[in-house]
Amino acid sequence: MKPLLVLPIILPLAAAAGCLLAWRSRVAQRVIGVAGAAALLVAAVLLLQSVWRDGVQAVQIGRWPAPFGITLVADTFSALMVLLAGIVGFATSLYSLASIDARREQYGYHALMNVLLMGVCGAFLTGDVFNLYVWFEVMLIASFVLMALGGERAQMEGAIKYVTLNLMSSAILLAAVGVLYGLTGTLNMADLSVRVAARPAGGVMTAVSMMFLVAFGIKAAVFPLFFWLPASYHTPPAPVSAVFAGLLTKVGVYALIRMFTLVFTHDVAFTHGLITLVAAFTMLSGVLGAAAQSEFRRILSFHIISQIGYMIMGLGLFTAAAVAGSVFYIAHHIIVKTNLFFVSGVARRLRGGYRLDGLGGLYRDHPWLALMFLVPALSLAGIPPLSGFFAKFALVRAGLAIEGYGIVGVALVVGLLTLYSMTKIWSEAFWKPAPGNAAESPAPPMSADARLMLVPIALLALLTVAIGLAPGVLLELSVRAAEELMNPAGYVTCVMGEPS
Amino acid sequence: MIPLAIVVGGLYAAALYLIGRRSIVKLVIGLALLGHASNLLIFSAGGVTRGRPPLIRPGDEALIAPYADPLPQALILTAIVISFGVLAFALVLVHRAYTAVGSDDVDAIRTTDA
């Protein structure tokens, strides 16, 4: 029994239960919420260390041997994703202390956040398709409540779209799992990998893989299934939309990468060719959508879509180098995007809104905040020496290596347009003078709350710079993750045992 | 098998029709039907075997084929419980949205889109 694989699920569950037990005490809930996220972060670091040292690890829950029981598996990719969930979870719970109002906290905000983290980690670690569906639902139910908690009109409107499209995606996923079971007679992903490869490649299997592509595609917000995202992500409070923007769509991307490297590799020319096409349209439509927006968080929401395109571009190209680029991109994106949403929350705290025409003068009044916006913003656009540059560089080089000039061209153009959007936010929110008569009056000092909000922002910005200055560590991790993904034999052996 | 397939198809059609309507109440009913359709699809995709419960008969050492596969039913049971919970949430959400917006028309909830 390897407890490290179970800890990322148990710790948030325990923290959520603790928060519920301390229902009457707001302070106790805050302490337990942050402690749970911190414990998750520590467990995630230990897990990644252990996976790095000993390779892929699996636990058969309840000692039911695979493929009959539920298996938890951690390879480098899973462990890295769990670590990123831990980082985002910890930063968000710190940020929430200053930014979430007392009413939301009383109605179980910290418990929900921990349930959400549990669902995310469960989805990353499970080795069973149906179990993956269950973890998606755990994550979704927590996110539904977080989205609607507070009951503002905008939140209700956003929540209806979010809930509807995610439930439809879950129904498709469920149907796909059922049909896949009907075809292969197993749900264990490692066993599926073997059995799908052993079947003659046929149209039915491709049809099932397309059902998975649509189901996970809705959750990952790829073209043309992304419309729920920009309609809902800007409605909840800043820390909630930050954790959604950072983590939730990436669980969909994770599931896509996992299924389309481990199980559905029977017709690469068709499935992965389609994914590459989808990636190109996702990049373009996201960045063009952002150009038309004039609200801080809506611009960022459209950029999530465009960045998702980069992540699945690596999957579509389907070489070890390209998948490594995808993994690097996901890691870079989660940190940067969460941070940008954090900054938008501070801007709202200082200026009272998210609309760019109401913002302004933030550089004059708060130069440090402006600097901490610039780091993730330039990194998103791919300016060296920040993390985004190496992420894009890895993908572009992998694309050129197999002569995918079309997709590489799209990726480069979209990078330029991203810079345009970030410049727009910079000049509107930070550079131009504040609207009204606030321009003449001296800046009021930041409240203690707002300064506390800067702590997680600074931590994530430092992490972005650190990845940029020493990209070797993350690069090595992603290369190894990609090697494991492209050669699933090690994964299968670890789960199923040595073939006898 | 064929009647079951027709029922599944009918349920999917009805669910998508209702989701396409403008009333958010019908939207929720559509989502409920969508879940039922997926559950029945799992049931039929897993293979329907009648009158052969997966029990080892007295005197036998192991199960003798054909027998009904219990796993799809276990999956459906899990999915029903999940969709029950999610649907309860969706109903409350629709009610709260109705009180916040004052209309059950989906065209009235587009202020966050622009």
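Further up the page is the structure itself.
Sequence order as written defines the numbering, with residues in each chain counted from 1. Naming scheme: in the order in which they are written, chains are lettered from A and ligands are numbered from 1. Totals for whole chains, interfaces and linings use all residues, but because this is a predicted model, local features are given only for residues with pLDDT of at least 70 and pairs of side-chain atoms are given and counted only at 80 or more. Calculation of side-chain values draws on the structure's entire complement of heavy atoms; hydrogens and water are dropped beforehand.

A. Focus on the nonpolar core. In this text, buried Ala, Val, Leu, Ile, Met, Phe, Trp, Tyr and Cys residues form a nonpolar core when linked through side-chain atoms within 4.5 Å. Residue burial is assigned from relative accessible area. The probe radius is 1.4 Å, only protein chains are included, and a residue is buried under 20% of its type maximum, exposed over 50%, and partly exposed in between. A:Phe212, A:Tyr233 and A:Phe244 are the most contacted members of the largest nonpolar core, which has 211 residues in total. In what follows, a contact means two residues having at least one pair of non-hydrogen atoms within 4.5 Å. Apart from the residues within four sequence positions on either side, A:Phe212 is in contact with A:Val129, A:Leu173, A:Ala176, A:Val177, A:Leu180, A:Gly217, A:Met259 and A:Phe264.

B. Representation of unusual backbone geometry. Residues and elements named next belong to chain A. With an omega of -5 degrees, the peptide bond between Phe223 and Pro224 qualifies as cis. Working definition: helices are DSSP H or I runs of at least four residues, strands are E runs of at least two. Numbering for both runs from the N terminus. By secondary structure assignment, the location of Pro224 is in the loop between helix H9 (203-220) and helix H10 (228-232). A cis amide bond links Pro384 to the next residue, Pro385, at an omega of 5 degrees. In this structure, Pro385 sits in the loop between helix H16 (367-381) and helix H17 (387-401). Non-glycine residue Phe318 carries a positive phi angle of around 60 degrees. Within the secondary structure, Phe318 sits in the loop between helix H13 (296-317) and helix H14 (320-351).

C. Spatial organisation of the packing of aromatic side chains. Note on aromatic contacts: the rings of Phe and Tyr and the six-membered ring of Trp form a pair at centre separations within 6.5 Å, being stacked when their planes are under 30 degrees apart, edge-to-face when over 60 apart, and tilted otherwise. For the coordinates displayed, the defined rule picks out 27 aromatic pairs over all chains. Between the aromatic rings of A:Phe130 and A:Tyr133, the centroid separation amounts to 5.5 Å while the plane-to-plane angle is 40 degrees, which identifies the pairing as tilted. Linking A:Phe130 with A:Tyr133, this pair stays in helix H6 (residues 129-148), spanning three residues, or about one helical turn. Comparing A:Phe130 with A:Tyr133 shows no difference in burial state: the two are buried. An angle of 50 degrees between the planes, with centres 6.5 Å apart, marks the rings of A:Tyr162 and A:Tyr233 as tilted. On the criterion of sequence distance, the pair formed by A:Tyr162 in helix H7 (residues 153-184) and A:Tyr233 in the loop between H10 and helix H11 (238-262) is long-range, its members being 71 residues apart. A relative accessible area of 1% means that A:Tyr233 is categorised as buried. Joined through ring pairs, the aromatic side chains of A:Phe144, A:Tyr162, A:Trp228, A:Tyr233, A:Phe244 and B:Phe89 make up one cluster. Against the face of A:Trp52 rests A:Arg480, its NZ or CZ located 4.4 Å from the ring centre. Whether a charge sits over a ring comes down to the Lys NZ or Arg CZ being within 6 Å of the ring centre and within 35 degrees of the ring normal.

D. Main features of the interface of chain A and chain B. With 34 residues of chain A in contact, the opposing surface of chain B contributes 34 residues. Overall, the association of chain A and chain B removes approximately 2900 Å² of surface from exposure, summing both partners, and the carbon and sulfur fraction of that is 77%. Simply put, the buried area is the total loss of 1.4 Å probe accessible area from both parts when two parts are fitted together. Looking at the side of chain A facing chain B, the largest losses of area belong to A:Arg153, A:Ile160 and A:Tyr181, adding up to 21% of the total buried there. Should a side-chain nitrogen of Lys or Arg be within 4 Å of a carboxyl oxygen of Asp or Glu, the pair is scored as a salt bridge. Our count for the contact surface shared by chain A and chain B stands at zero salt bridges.

Spatial relationships are all this shows, so hold off on functional conclusions.
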